[in-house]
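Architecture at a glance
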Amino acid sequence: MSIIKCPVCGQSVDDHTPKCPNCGTPIAGRLVKCHRCGNVYFTNLSACPACNEPNPNYTPNGGIGGVSQTPPPPPVPSKKNNGKMVAIVVVVLLLLFAGGFYFYQQHEKNADERDAYELVMKSTSVQDLQDYLDKYPDADPAHREAVEQRLKELKELESDWNDTLVNDSKAAYLAFLDKHPDAPQKDVVHHKVDSIDWAEAVKLNTIDSYQDYMDEHADGEHYDEANDNIKTIKTTVVQDDEAKAVKLQLKEFFSAFNSQSDGAIVGSVAQVMTTFLGKSNATSDDVTEFMHSLWNKPDLVSLNWFVKDDYNIKKKEVGDDKYDYTVTFTAILNRRYTNANGETQDTYHVTAHVNPDGLISSMEMKK
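Residues numbered from 1 in each chain as written. Predicted model: local features only at pLDDT ≥ 70, side-chain atom pairs only at ≥ 80, totals over all residues. Heavy atoms only, no water.

Before going further, it helps to spend a moment on the pairing of strand E9 (residues 322–337). The side chains of a regular strand alternate between both faces of the sheet. One ladder, built from seven bridges, connects strand E7 (residues 300–307) with E9; its direction is antiparallel. Directly across from Leu 300, in E9, lies its bridge partner Tyr 337. Direction of pairing for strand E8 (residues 312–319) relative to E9: antiparallel, over a ladder of seven bridges. Its bridge partner lying in E9, Lys 315 is registered against Tyr 325. In sequence, E8 turns back onto E9 through a hairpin of two residues, with Asp 321 there showing a positive phi of about 55°. Pairing geometry for E9 and strand E10 (residues 343–354), over 12 bridges, is antiparallel. Note on E10: the bridge partner recorded for Phe 329 is Val 350. The hairpin formed by E9 and E10 contains five residues between the paired strands, and Gly 342 there has a positive phi angle of roughly 65°. (Pairing = 2+ DSSP bridges. Helix = DSSP H or I, 4+ residues; strand = E, 2+ residues; numbered from the N terminus.)

If you want it as structure tokens, here you go:
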């Protein structure tokens, strides 16, 4: 047994096989091998078709009963079978191409969906999220679930923000920020709250109101302005505690006149006054002398100064956190006598200055 090549189709076959499994040509006992060139050819040929070496087994009329044993010509492969084979190959190739194309399309589609998912999850637009859901109905279920949850949160956020804008109050903005601390509107909320607090501070226009604003908004939009306003108020606006101290000093001054207390007068005026009742550089002795002159009247039983609460106080800065106060007010002098004069009343318009030490530094009175 040896392996040869079919002389018709060239397929390698066993020389004892009845037919070529590829083309159906008879093989066993029908072939001879040329001893010169080794070519395999049919025994009915008189010579090797490759080298023309005579076929030693050739018998033109040999065979049983004088009938030639020359085998019939090899069958020609069926064109019908070849057509089927070609059709099968074509179909297989088409299926492979279609499958590859489908796989490519799916891969590209999935990649596109992944990119869209990653992008839309960073968006704060309700419309962007809805567009994703509409465009990718067959997306990864986990992706759709995440987008749907994100869409729900954004819709709730949008609704809460609209309600907050309608309310437009500090409490509403703070409540929104408490519920949505990382909302994209947080900078707007800080601006709104800052503006509301600033408007309230300006409306009150006090040191305390501006200080409250600065305490609550360390990085506030109006922080420097609030600080400047505090400085302006301190140098120009008399505060309640300042007014209270000035009024008390003036009342004690006139009370000293009523009680004829030299010590109280000395303790309430500057050592040297700019002016006192027209006298420049007056001393406390000048003031006490005036007090005694008022009491030194014939038949005078009592003397009483009454200060009306119609103070007009202005301030002027004379040093760092040091102020001089100019005060105008009304003082009434009541006298009672034992003679026919009975009682008298005189009204005076008083202008006084109180220095940074809280002492009266000048005083003028007009009847």
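What follows concerns the packing of aromatic side chains. Under the defined criterion, the tally for this structure stands at 16 aromatic pairs. Between Tyr 117 and Tyr 132, the ring centres sit 6.4 Å apart and the planes meet at 50°, which makes this aromatic pair tilted. Of this pair, Tyr 117 sits in helix H1 (residues 79–120) while Tyr 132 sits in helix H2 (residues 126–135); the two residues are 15 residues apart in sequence, bridging distant segments of the chain. Both rings, one in Tyr 132 and one in Tyr 136, keep their centres 5.2 Å apart while their planes meet at 45°; by these two values the pair is tilted. Grouped by ring-pair contacts, the aromatic residues Phe 253, Phe 254, Phe 257, Phe 276, Phe 290, Trp 305, Tyr 311, Phe 329 and Tyr 348 constitute a single cluster. Sitting over the ring of Tyr 323, Lys 315 keeps its end group 4.1 Å from the ring centre. (Phe/Tyr/Trp six-rings, centres within 6.5 Å; stacked < 30°, edge-to-face > 60°. Lys NZ or Arg CZ within 6 Å of the ring centre and 35° of its normal.)

Another point: a nonpolar patch on the surface. Taken together, the side chains of Met 85, Ile 88, Val 89, Val 92, Leu 93 and Leu 96 define a hydrophobic patch exposed on the protein surface, amounting to about 580 Å² of accessible area. Relative to the elements of secondary structure, Ile 88 occurs in helix H1. (Patch = residues over 30% accessible without salt bridge, like charges linked within 9 Å, V, L, I, M, F, W, Y side chains within 5 Å. Areas by Shrake-Rupley, 256 points an atom, 1.4 Å probe, with all protein chains shown as cover. Salt bridge = Lys/Arg side-chain N within 4 Å of Asp/Glu carboxyl O.)

We now examine unusual backbone geometry. Even without being a glycine, Asn 205 presents a positive backbone phi close to 50°. Within the secondary structure layout, Asn 205 lies in the loop between helix H5 (186–204) and helix H6 (207–216). Located in the positive-phi region is Gln 260, a residue other than glycine, with phi close to 55°. Among the structural elements, Gln 260 can be located in the loop between helix H8 (240–259) and helix H9 (262–266).

This brings us to the pairing of strand E6 (residues 279–283). Direction of pairing for strand E5 (residues 272–276) relative to E6: antiparallel, over a ladder of four bridges. Bridge pairing in E6 places Thr 275 opposite Ser 280. Where E5 folds back on E6, the antiparallel hairpin that results is connected by two residues, among which Leu 277 adopts a positive phi of roughly 55°.

Turning to H2, a few remarks are in order. Listed in full, the buried residues belonging to H2 are Val 126, Leu 129, Tyr 132 and Leu 133. The buried residues of H2 all sit within an arc of 130° when viewed along its axis, so they share a single face. Opposite its buried face, H2 presents the exposed residues Asp 134 and Lys 135, each directed more than 90 degrees away. (Buried < 20%, exposed > 50% of the residue type's maximum accessible area, 1.4 Å probe, protein only. Arc of directions from axis to C-beta.)

On inspection of all chains with the given rule, the structure shows zero disulfides. Between Cys 48, a cysteine without a disulfide, and Cys 37, which holds the nearest cysteine sulfur, the sulfur-to-sulfur distance is 3.5 Å. Overall, the relative accessible area of 0% leaves Cys 48 in the buried class. (Disulfide = S-S within 2.5 Å.)

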